[in-house]
Amino acid sequence: MKSKKVFDIVWQIGLGLVIFGLDRLVKSHILSSYSAGEAFGQIPYVADFVFVKNTGAAFSMFSKQTDILAIVSVVFIIAILLYRIIKKPKSFLEKLSIV
């Protein structure tokens, strides 16, 4: 039973790291290949992708207050970790949602 718990934690951390790594890779590619306002990867009549810089959250709210956003992010990460430790989610979806 303990080995399953360790396995669950390891794959969750691994999945989180893979998602984080892919996110950073895509952002790095976009930053080095396109300039702000430039459209790319267009699918006619379906979608146009435009590179837009947003230093805030949710439509640039708090864009001049990145310190507050960082503090709020850390508080939420700690709250999620505490929830994970105390509640010990049992279902696959609960575990996946906390990754």
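Residues numbered from 1 in each chain as written. Predicted model: local features only at pLDDT ≥ 70, side-chain atom pairs only at ≥ 80, totals over all residues. Heavy atoms only, no water.

Caption draft 1: Region of the structure containing the packing of aromatic side chains. As enumerated under the stated definition, the model contains two aromatic pairs in all. Seen from their ring centres, Tyr-34 and Phe-40 are 4.4 Å apart, and the 25° between their planes marks the pair as stacked. (Phe/Tyr/Trp six-rings, centres within 6.5 Å; stacked < 30°, edge-to-face > 60°.)

Caption draft 2: Inspection of the pairing of strand 2 (residues 47-50) at higher detail. In terms of strand pairing, strand 1 (residues 39-43) meets strand 2 through three bridges, oriented antiparallel. The partner of Ala-39 across the bridge, within strand 2, is Val-50. (Pairing = 2+ DSSP bridges. Helix = DSSP H or I, 4+ residues; strand = E, 2+ residues; numbered from the N terminus.)

Caption draft 3: Looking closely at helix 2 (residues 66-87). Between its first and last C-alpha, helix 2 extends 31 Å over 22 residues, near the 32 Å set by a 1.5 Å rise per residue. Lys-88 sits one or two positions beyond helix 2 and adopts a positive phi of about 50°. (Expected span 1.5 Å × (residues − 1).)

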